[in-house]
Amino acid sequence: MTVDNSKQDSHRVAVSGDVEVSTYLEIAEERRGEQPQAEPEERFGAEREAVVIVDFGSQYSWLIARRVRECRVYCEIVPHDAPWENVAPLEPKGFILSGGPGSVYEPERPQAPAYVYEQRLPVLGICYGMQLIAHQLGGKVARGTKHEYGLAVLHQNSVDTPLFAGLPSEMPVWMSHGDRIEEMPPGFTSLAYTDNSPIAAMGNEQGVIGLQFHPEVAHTPQGKNILQNFLYNICGCSGTWTPGSFVAESIERIREQVGEGKVICALSGGVDSAVVATLMHRAVGDQLTCIFVDTGLLRREEGERINNTFQKNMRMNFIHVDASDRFLEKLKGVIDPEEKRHIIGEEFVKVFEEEAAKIGRVDFLAQGTLYPDVIESALSGSRVAATIKTHHNVGGLPSVMKLSLVEPLRYLFKDEVREVGLELGLPEEMVYRQPFPGPGLAIRIIGEVTRERLEIVRGADWIVMSEIKNAGLYRQLWQSFAVLTPVQSVGVMGDSRTYGYMVALRAVTSEDAMTADWARLPYELLARISNRIVNEVPEVNRVVYDISSKPPSTIEWE
Ligand code: XMP
């Protein structure tokens, strides 16, 4: 045990019998009225409320954070060994202890830090988190002889539990655990059971709750309601985290950080850089200069769209560099995909540096780092189970420029960035753009990149994109695009023999690009796309559809 029990006993309220609903609600009511003691680091809406998710190496920690944010409550994930000084500025209204691999009895297994219990705040332990609560507060966890994995039916013990308010007395939940609670800690009462887990949910009067199942996964259909009940009914949150509150707060914070300084920002056409640039512009106006490096590897009309949005509509200090000749020159004769990436990345940095140097003194670089990357790097050191993430990034910006970073999106998930983009008035087309790789069309041309081949793939891509949009499928697909293969084949057009290129059509569904499945597009749509490509792009006489998933294939062909 890492927790000093003598300290805990002084503030734990020992109860026997059922948890009293009124006590929960009174505590929640009290907490709503509490005023913050110190000025916290301002990361969220004007009426600050946050919960802290303590990570024990679960693959689902980020999903817990997603669900909490969906309930409009700000949250951050911290490693299990985060010191209180790092957590205190958030002024948490509660803690959530994530799941994690292994058993609380294994040596070296992470424990919850003492402050989780000492702050007298509500705590929700999920799976391993629940077992920790039992283990650390004086209960008994039995090593499971068999693993319980999959769907189970949860039966509530009482109809009055605020955690299950408004929910049916029986509901399906997703289990994935080995160990189970044999004896609850003093003061706890069982809230629900399943066939295999006599104590599937437990709680005490102080709002310390354990759940053996995973409320954060989609397989627990009412899981979000359970989390929301914890946040609203037990922690006393009211859901103040909105895109509007984020924008207002961010603008203040950016102004504080930047002062009179000058900022540069690279625009790529993607939603992250677009939102960063717009937020920065709202905050510091002409102190910001945006640089758009046109590599010549973009899709049709993409450059014009960026110019229109940022230069014409927003009237930013905007530098559009047409560097397509330089990139094409460097890519001459190159067929290896990794070499293409390397060349494009290096050239991008050079062009960017040259342009930035022309501006004169610059103090800050604004970047669109998102929360998943922050979680990844913050947790990787303390993680018991490291997440494997392949990342081939090009267009990374120069580290030699010695600029301070401004990262206004570093606590946002991708879909929150989209909401903020809409709040800022960015066009839907930009906000919901499918991901597009940094090396652009260069990795969608198998073999050497030439001006002629770029035009061919651009023409095919344009048709794919417009047909997918017309069919109303654009947002449902993770990505949909054309790949120009080096294969040439014989065809017939009218009475003539042709010898043209083969284009591959790729459309995938995915959650995060780590895995993907090929999209079951309707035959009629495939037929229309194929027909249009062979008719409108003269160099192409054959279209194939890629029906491979990732793994073993990847999304891009290179
Ligand atoms: P793969 O092809 O590895 O792609 O399944 C996964 C996701 O990453 C994108 N991708 C890239 N993005 N630079 C990027 O910025 C790259 O070099 C790169 N390669 C692939 C790809 O479009 C997909 O969304």
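All values reported here derive from a predicted model rather than from experimental measurement.

## As for the pairing of strand β14 (residues 317–322)
If a strand is regular, its side chains alternate between the two faces of the sheet. Sheet topology places strand β13 (residues 288–294) next to β14; six bridges connect them, and they run parallel. Bridging across to β14, F292 finds its partner in H320.

## With respect to the packing of helix α8 (residues 243–258) against helix α9 (residues 271–284)
Running from N to C, α8 and α9 point in directions that differ by 65°, and their axes come no closer than 9 Å. Put simply, α8 runs roughly perpendicular to α9. Considering how the two elements wind past one another, α8 and α9 form a crossing that is right-handed. Contact residues: α8 offers F246, V247, S250, I251, I254, R255 and V258, while α9 offers L279, M280, R282, A283 and V284. Its residues assigned to classes, the contact of α8 with α9 comprises nine nonpolar, one polar and two charged.

## Points about the pattern of salt bridges
Across all of its chains, the model carries 32 salt bridges by this definition. When the shortest N-O distance is used, the salt bridge between E428 and R475 registers 2.5 Å. In this pair, E428 is assigned in helix α15 (residues 428–431) and R475 in the loop between α16 (451–470) and β17 (479–493), connecting sequence segments 47 residues apart. Classification of E428 as partly exposed rests on a relative accessible area of 46%. Taken together, the shared-partner salt bridges connect R66, R67, R69, E70, K224, D415 and E416 into one network.

## Things to note about unusual backbone geometry
Residue K550 is joined to P551 through a cis peptide bond whose omega torsion reads -15°. The step from P551 to P552 runs through a cis peptide bond, and the omega angle for that step is 10°. Structurally, the position occupied by P552 is in the segment after β20 (540–545). Unusually for a residue other than glycine, C127 sits at a positive phi of about 55°. As for its placement among the helices and strands, C127 is situated in the loop between β4 (123–126) and α6 (128–136). Of note in this structure, R315 is not a glycine but carries a positive phi near 55°. Locating R315 in the fold gives a position in the loop between α10 (302–313) and β14. Of the residues examined, R315 reaches a relative accessible area of 66% and is grouped as exposed.

Reading the values: the criteria
- Residues numbered from 1 in each chain as written.
- Predicted model: local features only at pLDDT ≥ 70, side-chain atom pairs only at ≥ 80, totals over all residues.
- Heavy atoms only, no water.
- Pairing = 2+ DSSP bridges.
- Helix = DSSP H or I, 4+ residues; strand = E, 2+ residues; numbered from the N terminus.
- Axes fitted to C-alpha atoms, helices over the stretch in contact; angles between N-to-C directions.
- Parallel < 35°, antiparallel > 145°, perpendicular 65-115°, else oblique.
- Left-handed = near helix turned anticlockwise from the far one by under 90°.
- Contact = heavy atoms within 4.5 Å.
- Nonpolar A, V, L, I, M, F, W, Y, C, P; charged D, E, K, R; others polar.
- Salt bridge = Lys/Arg side-chain N within 4 Å of Asp/Glu carboxyl O.
- Buried < 20%, exposed > 50% of the residue type's maximum accessible area, 1.4 Å probe, protein only.

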